[in-house]
Amino acid sequence: MWIITAIFQAIGQALTWILPVSESGHSAIFHTFSQRYTGACSQLTGVIHIGIAIGIIAVFYKLFFYLAKSFFGAWNELFHKRLDLKHPTSQRSFMLMTILSFALMIFYLIPAGKYGNVYGFFNSTSHNESLLGEGIFIALTGVLLMVTQSMFDKRSKPLPNFAKALILGLVAFIAVPTGGCSLVAGVFCVAILLGMSDKYALRYSMVMSVMVLLVRGIIEICVAVTTVNVVGALIAIVVAAAVTFFAIKIMLYIIKIRALNFFAWYDIALGAVCLVTGVFQLILK
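Scoring rules and cut-offs
- Sequence order sets the numbering: in each chain, residues are counted from 1 along the sequence as written.
- Local features in a predicted model are, by the rule used here, given only for residues with pLDDT of at least 70; side-chain atom pairs are given and counted only at 80 or more, and totals for whole chains, interfaces and linings are based on all residues.
- Water and hydrogen atoms play no part in the side-chain values, which are based on all heavy atoms of the structure.
- Put simply, two rings from Phe, Tyr or Trp (the six-membered ring, in Trp's case) pair if the centres are within 6.5 Å, and we call them stacked under 30 degrees between planes, edge-to-face over 60, tilted for the rest.
- Labels follow the DSSP assignment, with helices taken as runs of H or I lasting at least four residues and strands as runs of E lasting at least two, numbered in each case from the N terminus.
- Relative accessible area decides the class of each residue, using a 1.4 Å probe on protein chains only: under 20% of the type maximum gives buried, over 50% gives exposed, and in between gives partly exposed.
- Positive charges come from Lys and Arg alone, negative charges from Asp and Glu alone, with His and the N- and C-terminal ends not counted.
- A pairing counts as a salt bridge when a side-chain nitrogen of Lys or Arg comes within 4 Å of a carboxyl oxygen of Asp or Glu.
- The contact definition used throughout considers only heavy atoms, calling two residues in contact when any of these lie within 4.5 Å.
- pLDDT is defined as a per-residue confidence score from the predictor, taking values between 0 and 100.
- We call a pair of cysteine sulfur atoms a disulfide when they lie within 2.5 Å.
- Under this scheme, a helix contributes an axis fitted over its contacting stretch, all axes are lines through C-alpha atoms, and angles between N-to-C directions fall in the 0 to 180 degree range.
- Each crossing is labelled by how the near helix is turned from the far one, with a counterclockwise turn of less than a right angle marking it left-handed and a clockwise turn marking it right-handed.
- Surface patches are drawn from residues lacking salt bridges whose relative accessible area is over 30%; two like charges belong together within 9 Å, two nonpolar side chains (Val, Leu, Ile, Met, Phe, Trp, Tyr) within 5 Å.
- Accessible surface area values rest on a Shrake-Rupley calculation with a 1.4 Å probe, where residue burial reflects the displayed protein chains alone.
- Nine residue types can take part in a nonpolar core, namely buried Ala, Val, Leu, Ile, Met, Phe, Trp, Tyr and Cys, and a core is a set of them joined through side-chain atoms within 4.5 Å.

Regarding the packing of aromatic side chains
Piece 1. In the structure shown here, the tally under the stated rule is nine aromatic pairs.
Piece 2. Look at phenylalanine 94 and tyrosine 204: their rings are 5.5 Å apart centre to centre, the planes differ by 65°, and that puts the pair in the edge-to-face class. Taken together, the residues span a long stretch of sequence, with phenylalanine 94 in helix α5 (residues 90-103) and tyrosine 204 in helix α10 (residues 198-223) at a distance of 110 residues. Of the two residues examined, phenylalanine 94 and tyrosine 204, each falls in the buried class.
Piece 3. Ring centres 6.5 Å apart and planes at 25° place the aromatic pair tyrosine 200 and tyrosine 204 in the stacked group. Remark: tyrosine 204 and tyrosine 200 occur in helix α10; sequence separation between them is four residues, near one turn of the helix.
Piece 4. When its relative accessible area of 26% is taken as the criterion, tyrosine 200 is described as partly exposed.
Piece 5. The buried category is assigned to tyrosine 204, whose relative accessible area is 0%.

Below, the structure is given as structure tokens:
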């Protein structure tokens, strides 16, 4: 039974993370209707997140190789006092932007009263006995996809790279802990609206995803209440990585044929169902 659970959970998490829908939203829907949510963190979830990160790296291995090379090269130049930030290469500029975007995550640690910290505040929208919050954010994701679909191949007024990095970092900052949000959809769409190419935007969202997935996966494994055995973990990682690999290929094709509207309508319809369900949950509570 645990093997089947590992396989199906890996498939579900990988698909809903990579495609422009919400992993947290679908998780909340599943736990709401199955009445299986206990509030406990599972090691299996963390293992699968690491598997998804591995799948992303497998697809964009050249990108990650050059980013790593640029990162360590920058440190070497800094050590020898030869670092030039005024005229960086495109690879170094990409690397610096993603690091700046990810650096905003440190603000999660800011105290936030009864929620513990800022992360806890945003995360309180998930599994809070109502699907109302998830419905709102899933529907908003659909609207954002529709706007992005209409803006393909159009270029807005360019902003400095540091400004783009901060904006995309803020999007990721909100999307990661908020139920119903999708980091991939949010970062990709906003990057397009900021004037980036679809190729650049998707790769930016994937690099941000790997950073988030690895950190989140490690934390989830460390603080988990429920455990997973070695065999189950290996199966989950392999399945998650494989599904992620093919899901990215699907995503690349969808972007190529400019078919984001199909996911937009899906998100809007699913968001509407969650909204109605959430309202009834609050009334009957």
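We are not done yet, so read on.
Here's the deal with the side chain of aspartate 267
Piece 1. Note on placement: aspartate 267 falls in helix α12 (residues 260-284).
Piece 2. Buried aspartate 267, no salt bridge; nearest opposite-charge side chain is arginine 216, N-O distance 16 Å.
Piece 3. If we ignore the near neighbours within four places in the chain, the residues touching aspartate 267 are Pro20, Val21, Ile138, Ala139, Thr141, Gly142 and Leu145.

A look at the confidence of the model for the chain
Piece 1. Residues of the chain with pLDDT of at least 70 account for 93%, and the chain-wide mean is 88.
Piece 2. Confidence, read as mean pLDDT per element, is least for helix α6 (residues 118-123) in the chain (81) and greatest for helix α9 (residues 183-193) (96).

Considerations on the state of the cysteines
Such a bond, covalent and formed between the sulfur atoms of two cysteines, is termed a disulfide.
Piece 1. One pass over the full model with this rule turns up zero disulfides.
Piece 2. Here cysteine 189 is not cross-linked by a disulfide; its sulfur's nearest cysteine counterpart is in cysteine 181, at 12 Å.

Digging into the environment of threonine 5
Piece 1. Locating threonine 5 in the fold gives a position in helix α1 (residues 2-18).
Piece 2. Along the chain, threonine 5 and alanine 236 lie 231 residues apart, while their C-alpha atoms are 9.0 Å from each other.

Considerations on the pattern of salt bridges
Piece 1. Under the definition given, this model contains two salt bridges.
Piece 2. A salt bridge links glutamate 23 to arginine 216, with the shortest nitrogen-to-oxygen separation between them at 3.8 Å. Taken together, the positions of glutamate 23 in helix α2 (residues 23-34) and arginine 216 in helix α10 put the pair 193 residues apart, joining distant regions of the chain. In this structure, glutamate 23 and arginine 216 share a single accessibility class: buried.

With respect to the packing of α9 against α10
The description of two packed helices rests on the angle between their axes and on the distance between the axes.
Piece 1. The N-to-C vectors of α9 and α10 enclose an angle of 145°; their axes lie 8 Å apart at closest approach. The interaxial crossing formed by α9 with α10 has right-handed handedness. Contacts from Leu183, Val184, Val187, Phe188, Ala191 and Ile192 in α9 reach Asp198, Ala201, Leu202, Tyr204, Ser205, Met206, Met208, Ser209 and Val212 in α10.

Re a nonpolar patch on the surface
Piece 1. Together, Val276, Val279, Phe280, Ile283 and Leu284 make up an exposed nonpolar region whose accessible area comes to about 530 Å².
Piece 2. Tracing the chain through its elements places valine 276 in helix α12.

Comments concerning the nonpolar core
Piece 1. By size, the foremost hydrophobic cluster in this structure holds 69 residues, and its most contacted members are Ile52, Ile56, Phe60, Leu183 and Phe188.
Piece 2. Look past the residues within four positions of phenylalanine 60 in its chain and what remains in contact with it is Leu202, Arg203, Met206 and Ile248.
Piece 3. Counting six residues, the second-largest nonpolar core is a separate cluster that includes Ala28, Leu131, Ile138 and Leu270.

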